[in-house]
Amino acid sequence: MNSNKAGIITMSRKAGKLVVGMDMVKRACCDAAAAAVFVTKDLSEKSFKEVRFTCGRYNVKLYRLDMTMDDMDLTMGKRTGVVAMTDRGFARSCAKDLEEIGTDNNKSES
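Residues numbered from 1 in each chain as written. Predicted model: local features only at pLDDT ≥ 70, side-chain atom pairs only at ≥ 80, totals over all residues. Heavy atoms only, no water.

Orientation of helix α1 (residues 3–14) relative to helix α4 (residues 69–76), taken along the N-to-C sense of each, is 50°, at an axis distance of 10 Å. Our classification of the angle between α1 and α4 gives oblique. Two packed elements cross with a definite hand, and for α1 against α4 that hand is right-handed. Packed against α1, whose contacting residues are Ala6, Ile9, Thr10 and Arg13, the element α4 presents Met72, Thr75 and Met76 at the interface. Class assignment for the residues of the contact of α1 with α4 results in four nonpolar, two polar and one charged. (Axes fitted to C-alpha atoms, helices over the stretch in contact; angles between N-to-C directions. Helix = DSSP H or I, 4+ residues; strand = E, 2+ residues; numbered from the N terminus. Parallel < 35°, antiparallel > 145°, perpendicular 65-115°, else oblique. Left-handed = near helix turned anticlockwise from the far one by under 90°. Contact = heavy atoms within 4.5 Å. Nonpolar A, V, L, I, M, F, W, Y, C, P; charged D, E, K, R; others polar.)

Below, the structure is given as structure tokens:
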């Protein structure tokens, strides 16, 4: 687990700038509140496709963390595979050294 990323996630959560869970992240993207979305490396393929489509639809940057859902549980006390940061500064800090994942604008949700 990358402790720098965990620290940024913790700070953004304490600042009220972190959205946790698939439904809340999708809503944040739809409402143009999400600066960037981050997924764990063990997120299911089905969930990954759903979040990738949503990010593409609403033009939100998507990144994969080098963390598991269990790492997220240790970091913030909630087991989740997807989070969104609503603050551009936190999002930029967390995205540093991560490769942006291309989003899928052509496929509809199933």
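For the structure on display, the rule yields four salt bridges. Between Asp31 and Arg27 there is a salt bridge, with the nearest N and O atoms lying 3.7 Å from each other. Under the relative-accessibility criterion, Arg27 is labelled partly exposed at 49%. Its salt-bridge partner being Lys41, residue Asp66 comes within 3.1 Å of it at the nearest N-O pair. Highlighted residues: Asp66 in the loop between β3 (61–64) and α4 and Lys41 in the loop between β2 (36–39) and α3 (45–57), separated in sequence by 25 residues. Judged by its relative accessible area of 47%, Asp66 falls in the partly exposed class. (Salt bridge = Lys/Arg side-chain N within 4 Å of Asp/Glu carboxyl O. Buried < 20%, exposed > 50% of the residue type's maximum accessible area, 1.4 Å probe, protein only.)

Throughout the structure, instances matching the rule amount to one aromatic pair. Taken together, a centroid distance of 5.4 Å and an interplanar angle of 20° make the contact between Phe38 and Tyr63 stacked. Of this pair, Phe38 sits in strand β2 while Tyr63 sits in strand β3, placing them 25 residues apart in sequence. With respect to class, Phe38 is no different from Tyr63; both count as buried. Above the ring of Phe48, the side-chain terminus of Arg64 is found at 4.5 Å from the ring centroid. (Phe/Tyr/Trp six-rings, centres within 6.5 Å; stacked < 30°, edge-to-face > 60°. Lys NZ or Arg CZ within 6 Å of the ring centre and 35° of its normal.)

This paragraph deals with the sheet that holds strand β5 (residues 100–101). Strand pairs in the sheet, formed through backbone hydrogen bonds, run parallel or antiparallel to each other. In space, the five strands of this open sheet follow the order β1-β4-β2-β3-β5, with mixed pairing throughout. Both edges of this open sheet fall to β1 (18–20) and β5, since each of them pairs with a single strand only. The pairing of β3 with β5 spans two bridges and is antiparallel. Residue pairing for β5: Tyr63 is matched across the bridge by Glu100. Its contacts with the sheet put helix α5 (residues 88–95) on β2, β3 and β4 (82–85), and the angle it makes with β2 is roughly 40°. (Pairing = 2+ DSSP bridges.)

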